[in-house]
Amino acid sequence: MLFPTVLLVISSAWLAAAAPARRSAPAAVTDTSILQYALTLEHLEHTFYVQGLEQYDAQAFCDAGYEPSVRGRFAQIRENERAHVEFLTSQLGADATAPCNYSFPYTDIPSFVAVSQTLEEVGAAAYMGAAISVESRDVLSAALAISHTEARQAGWVSSAVQKEQPWDGDYETPLYFSGVWSLASGFITSCPATNPDLPVQTFPALTLTPAMPVMGQNVSVSYNSTGAPISADGETWLAWYHNMNTTFTAIGADGVTTVPDDLRGTVFAGVVSNTTVTRDDATMLSGLAALSFPYNSSTVVDA
Ligand SMILES: *[C@@H]1O[C@H](CO)[C@@H](O)[C@H](O)[C@H]1NC(C)=O
Ligand SMILES: *[C@@H]1O[C@H](CO)[C@@H](O)[C@H](O)[C@H]1NC(C)=O
Ligand SMILES: *[C@@H]1O[C@H](CO)[C@@H](O)[C@H](O)[C@H]1NC(C)=O
Ligand SMILES: *[C@@H]1O[C@H](CO)[C@@H](O)[C@H](O)[C@H]1NC(C)=O
Ligand SMILES: *[C@@H]1O[C@H](CO)[C@@H](O)[C@H](O)[C@H]1NC(C)=O
């Protein structure tokens, strides 16, 4: 390998500059609004690959030290995303959301690869989190089929391209509507005014210092808490979403919390008001950060 693995920390804070205007109220969660939310994410992913592969040709990938097959696989992912866009558009008919304008933060092929990995992880997590709210078995089945494809794409990027772990542990991590939106919406600069409202709320951006927290060490947590609902006693926690497990670490009055020491692979974190694990956005106080704790084949994972 001629290039170092690039690990990108994507946080709602880091993306905030590009965030589109706050929407008034979340749309009700229905199969239609879930499909519109899914299509919004698929348009974003598809455009990401179209633009990136227009910018970087086979020679550019070769010059950057990647194996010759890598660009072709990314082109296949682009076509997979195009198919997802077409499928969801056909399901929604007249209710389909139109593409937006986007701003992606990569500056070279390694950072393009890193953004790709996060988009695929968040995409897979979005379908998993939405599954519990889907009413139609047909829609659920299609969502699973798309989610699996996105998770396999993420695994390919992580292992074959980044030379890191192919999975994040024994389970994938579901994310709910507003958490996903906090990570994805920052890539969107403007949308057609005719696009429908999505079943999401906007939460203040989260900043972690250091941006790449170290397991077992302290991390400083900050977000704009003005107006945020807090629990009766004012306590807050950082929720670490990893596998199907959520670990809560109390945030001290100094804004400091301690990073759990058993995180593996992609982990999401966000501030919450309550240590009840919810299947919705009820306890969120901040947007999420997508974090990376790479582990290699020598790491013994607890039985
Ligand atoms: C996207 O940007 C172009 C050029 O700035 C603008 O003309 C167009 O209206 C924008 N489209 C949307 C959907 O915001
Ligand atoms: C983390 O911060 C707490 C309180 O702010 C402190 O008591 C503890 O020693 C710190 N731990 C580490 C590993 O720095
Ligand atoms: C969840 O994670 C915590 C610490 O991060 C760990 O102590 C606990 O055993 C885990 N629970 C499960 C069910 O994996
Ligand atoms: C925590 O949130 C859950 C879900 O919203 C709620 O049912 C519960 O009462 C809350 N607990 C506390 C202590 O606030
Ligand atoms: C795996 O990671 C550990 C700790 O980060 C390191 O000591 C070891 O050399 C690595 N092994 C391989 C095969 O890369």
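A quick note: this is a predicted structure, and the numbers were derived from the prediction, not measured. (Residues numbered from 1 in each chain as written. Chains lettered and ligands numbered in written order. Predicted model: local features only at pLDDT ≥ 70, side-chain atom pairs only at ≥ 80, totals over all residues. Heavy atoms only, no water.)

Caption draft 1: Quick look at the overall build of the protein chain. Along its length, the protein chain carries seven helices and ten strands. By residue count, 49% of the 303 residues in the protein chain fall in the buried class. Within the structure as shown, the protein chain displays about 13,800 Å² of accessible surface, and the carbon and sulfur contribution to it stands at 52%. (Helix = DSSP H or I, 4+ residues; strand = E, 2+ residues; numbered from the N terminus. Buried < 20%, exposed > 50% of the residue type's maximum accessible area, 1.4 Å probe, protein only. Areas by Shrake-Rupley, 256 points an atom, 1.4 Å probe, with all protein chains shown as cover.)

Caption draft 2: Region of the structure containing the site of ligand 2. What surrounds ligand 2 is the set Gly216, Asn218, Asp254 and Val256. Residue Asn218 places a side-chain N or O atom 2.3 Å away from an oxygen atom belonging to ligand 2. Within the side chain of Asp254, one N or O atom sits 2.9 Å away from an oxygen atom of ligand 2. Contact with the protein chains hides 35% of the accessible area of ligand 2, taken as 360 Å² for the molecule alone. (Near = heavy atom within 4 Å. Polar contact = N/O pair within 3.5 Å; in protein donor to acceptor, adjacent residues only side chain to side chain.)

Caption draft 3: Geometry of the pairing of strand E5 (residues 218-223). Only one face of E5 is buried, namely the one carrying Val219, Val221 and Tyr223, since none of Asn218, Ser220 and Ser222 on the opposite face is buried. Where strand E4 (residues 206-209) and E5 come together, four bridges link them in antiparallel fashion. Bridge assignment links Thr207 to a residue of E5, and that residue is Ser222. Taken together, the three bridges between E5 and strand E8 (residues 256-258) define a ladder with antiparallel strand orientation. Bridged to Val219 within E8 is Thr257. (Pairing = 2+ DSSP bridges.)

Caption draft 4: Representation of the layout of surface pockets in the model. The calculated volume of the largest pocket comes to roughly 630 Å³. Lining the largest pocket we find 36 residues, and of these Thr173, Pro174, Leu175, Tyr176 and Arg279 sit closest to its centre. When contributions to the lining of the largest pocket are tallied by element, the ones reaching two or more residues are helix H5 (109-131), helix H6 (137-161), strand E6 (237-242), strand E7 (245-250) and strand E9 (265-272). By residue number, the principal contributor to the lining of the largest pocket is H6, which donates four residues. Here the residues of the lining of the largest pocket are counted per class, giving 18 nonpolar, 14 polar and four charged. Shared between two domains, the lining of the largest pocket takes at least three residues from each, and those domains are domain 1 (3-190) and domain 2 (206-299). (1 Å grid on protein atoms, 1.4 Å probe; cavity = no way out; pocket = protein on both sides within 12 Å on 5 of 7 lines; lining within 4 Å. Points joined across faces, edges and corners; volume = space filled by probe spheres on them. Nonpolar A, V, L, I, M, F, W, Y, C, P; charged D, E, K, R; others polar. Domains from an automatic or database assignment.)

Caption draft 5: Layout of the nonpolar core. Core analysis: the biggest nonpolar cluster contains 59 residues, and Phe61, Phe74 and Phe112 have the highest contact counts within it. For this core, the elements supplying multiple residues, two or more each, are helix H2 (31-55), helix H4 (69-92), H5, H6, helix H7 (177-184), E6 and E9. Two domains each provide a minimum of three residues to this core, namely domain 1 (3-190) and domain 2 (206-299). Contact partners of Phe74, with chain neighbours within four places excluded, come to Tyr49, Leu53, Phe61, Phe112, Val113, Ser116, Trp156 and Val157. Counting residues in each nonpolar core, the second largest holds 17 residues, with Leu206, Ile251, Ala269 and Leu285 among its members. (Core = buried A, V, L, I, M, F, W, Y, C linked by side-chain atoms within 4.5 Å. Contact = heavy atoms within 4.5 Å.)

Caption draft 6: Just the sheet that holds E8, in detail. With antiparallel pairing, the three strands of this open sheet are ordered in space as E4-E5-E8. Both outer strands of the open sheet, E4 and E8, are each paired with one neighbouring strand and no more. Taken pair by pair, the neighbouring strands of this sheet meet at an average axis angle of 35°, ignoring direction. (Axes fitted to C-alpha atoms, helices over the stretch in contact; angles between N-to-C directions.)

Caption draft 7: Focus on the pattern of salt bridges. Counted by the stated rule, this structure contains four salt bridges. The partner of Arg82 in a salt bridge is Glu79, with the nearest N and O atoms 2.7 Å apart. Highlighted residues: Arg82 and Glu79, both in helix H4, separated by three residues, approximately one helical turn. A relative accessible area of 29% places Glu79 in the partly exposed class. The partly exposed category is assigned to Arg82, whose relative accessible area is 33%. Beyond isolated ion pairs, a larger network of salt bridges with shared partners links Arg78, Glu79, Arg82 and Glu86. (Salt bridge = Lys/Arg side-chain N within 4 Å of Asp/Glu carboxyl O.)

Caption draft 8: Highlighting empty space enclosed by the protein. A full pass over the atoms with the stated rule returns five cavities of 30 Å³ or more. Taken as a whole, the largest cavity holds about 120 Å³ of empty space. Lining the largest cavity are 16 residues, with Ile34, Leu35, Ala38, Tyr127 and Ala143 sitting closest to its centre. For the lining of the largest cavity, the secondary structure elements donating two or more residues are H2, H4, H5 and H6. Considering each element in turn, the lining of the largest cavity owes the most residues, five residues, to H2. Partitioned by chemical class, the residues of the lining of the largest cavity number 16 nonpolar, no polar and no charged.

Purely geometric numbers; function is a separate question.
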